[in-house]
Structures are given as structure tokens and as C-alpha cells.
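Descriptive structure summary
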Amino acid sequence: MHRARKHRLYPTVEQETFLSNQLGSVRFVFNRFLNERKTAYETDKTSLNYYDNAKALTVLKQDEQFSWLNGINSQSLQASVKNLDTAYRSFFKKQNKYPRFKKRNNRQSVKIPQNFLVEDNLLYIPKLKTGISIVLHRGVLPGKQVSCTISRTPSGKYYASFDCDVPDEQLELLSATDKVIGIDLGVKSLMVLSDGTVIPHPKFYQQTEKK
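Source: prediction; values computed, not measured.

Brief notes about the overall build of the chain
The secondary structure content of the chain amounts to four helices and 10 strands. Scanning the chain from its N terminus toward the C terminus, one meets helices and strands in the order β-α-α-α-β-β-β-β-β-β-β-β-β-α. Over its C-alpha atoms the chain spans a radius of gyration of 27 Å, topping by over 25% the 17 Å that the globule rule assigns to 211 residues. With the principal axes as the frame, the chain shows a C-alpha extent of 85 × 50 × 35 Å. For the chain, the proportion of its 211 residues judged to be buried stands at 31%. In the chain, of all internal contacts separated by at least 6 residues, the share reaching a separation of at least 24 is 62%. With the model as given, the accessible surface of the chain reaches about 15100 Å², and the carbon-plus-sulfur share is 51%. When the 33 basic and 20 acidic side-chain charges of the chain are each reduced to a single mean position, those positions are 8 Å apart.

What follows is the structure in C-alpha cells.
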């Protein structure tokens, strides 16, 4: 069973600069490949997919003009490409509108699929040597953390959302008499219990129909 947990982050000035670079880079990748998909379809009706974009991302990082992408968590960049592909799939299934370009002034987010750690009220993420101060409720996160998404609101507040894999909750059946009884929902009566008890229909509709 998966549960989501969202916690407030308090990065330092240096950490805010680092996070801004991460957020800007994943936004750049999303917008660039959204534009490539639109251009390819409008030009010759070619439909690009995730694998086309992922391959192009690898080539893009080798270009000296975009060498700064190598300082960004590669898994976060790949997650941005996957988010674009998911947005397209939802559009074709008529579940969402056509993907739109991400704007700098809107809510920003970067997904960290793995290699992150929460310890001593600090969040450690790839490419950042220092831990980011995080406020945890009850001091711990439940279960195993599957992924982490860092977001920044338009007002400049930072949050970390965790997808946690927790064991299914087992409900205990408590009985004062330790007896088990069966219930059969009927037509002539509301229900008949296995001990012979018959509970008649209250017939609320028939009693109030004339009113």
C-alpha cells in the first residue's frame, strides 16, 4: 500500500540556488521535448515517444552547448521525459488536456526516483553534498520511501513529497461474545440472521408516499 507524505523544507541560500538549477533544468528538458514532439507532428505527422526523447536527451548532454545538464541529477531529467510521455498518453486517452509548456513563475517540481536519504531531520539528494533541513511529523517517515519530489510554490516555499510503501493494515475483528453470525439480505424482509432472527423492512417510502 502506498501513502504520500508532504513535508516543509528549509534550504539555505546556497541550497536554494542548487534547487533552482535542478528545477530549471527539468523544466527546460520538458519544454524542449514537448516542442520537438509538436514540431515533428506538425512537419510530417511523426509521433515521437519516450524512447525517442530519452535517446535525444543523451545526445543533448554530449553537446558542449548543453554541458551544464551533466551537473543535474540524470534520473531527474529522465523523470521529466517520462512525465511528458505520461501527459501525452493521458491526452490521447482523453483524460487530460494537451500538454502545455511549463512556466518559471508557476509551481515547479523535480522528481528524485532514488538515491535520496532522510536522516536526523535532513534530506540528502544526489549532486548536493549538504543535507536540506526538513520538518518531519513525529520525526519519521512510514515504510520504505519509493520516490521523492521536491516542489517550490510561486511564493518561494519548498516542500518534499514522499511516496511511501507501507505494509497493508490488518484489521482485527473484536467481539464481546466471540460469536459469529451470518446475515442474508432478503426481499420480503430486510435481513435474516443465521440464528433465525428476522428483521422486517422499515418501509419508509410506503409510509411517507401519501404525504
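Past the structure itself, the notes keep going.
Thoughts on the pattern of salt bridges
Pairs may arise between side chains of opposite charge once their charged atoms sit close together. One pass over the structure, following the stated rule, counts three salt bridges. D85 serves as the salt-bridge partner of R37, at 3.1 Å between the closest nitrogen and oxygen. Placement of the pair is R37 in helix α1 (residues 13-44) and D85 in helix α3 (residues 74-92), with a sequence separation of 48 residues. Residue R37 shares its accessibility class with D85, and that shared class is buried.

A short note on the nonpolar core
Counting residues in hydrophobic clusters, the biggest one holds 36 residues, and the most contacted among them are L9, L123, I125, C148, I150 and F162. Of all the secondary-structure elements, those providing two or more residues to this core are α1, α2 (50-62), α3, β2 (108-112), β5 (132-134), β6 (144-152) and β7 (158-165). It is α1 that provides the largest number of residues to this core, a total of eight residues. Non-local contacts of I150, meaning those with residues more than four positions away in its chain, are made with L9, L19, L23, Q108, S109, V110, I112, L123, I125, Y158, Y159 and A160.

Structural notes on the packing of aromatic side chains
Inspection of the entire model under this criterion finds eight aromatic pairs. Within the aromatic cluster, the residues linked to one another by ring pairs are Y88, F91, F92 and Y98. The cationic tip of R8 hangs over the ring face of Y159; the distance from NZ or CZ to the ring centre is 5.7 Å. Lying across the ring of F30, K102 places its NZ or CZ 4.5 Å from the centre.

Definitions and limits used
Residues numbered from 1 in each chain as written. Predicted model: local features only at pLDDT ≥ 70, side-chain atom pairs only at ≥ 80, totals over all residues. Heavy atoms only, no water. Helix = DSSP H or I, 4+ residues; strand = E, 2+ residues; numbered from the N terminus. Rg over C-alpha atoms; globule rule 2.2 N^0.38 Å. Buried < 20%, exposed > 50% of the residue type's maximum accessible area, 1.4 Å probe, protein only. Contact = heavy atoms within 4.5 Å. Areas by Shrake-Rupley, 256 points an atom, 1.4 Å probe, with all protein chains shown as cover. Lys, Arg positive; Asp, Glu negative; His and termini not counted. Charge placed at Lys NZ, Arg CZ, Asp CG, Glu CD. Salt bridge = Lys/Arg side-chain N within 4 Å of Asp/Glu carboxyl O. Core = buried A, V, L, I, M, F, W, Y, C linked by side-chain atoms within 4.5 Å. Phe/Tyr/Trp six-rings, centres within 6.5 Å; stacked < 30°, edge-to-face > 60°. Lys NZ or Arg CZ within 6 Å of the ring centre and 35° of its normal.

By themselves, these figures tell us nothing about what the structure is for.
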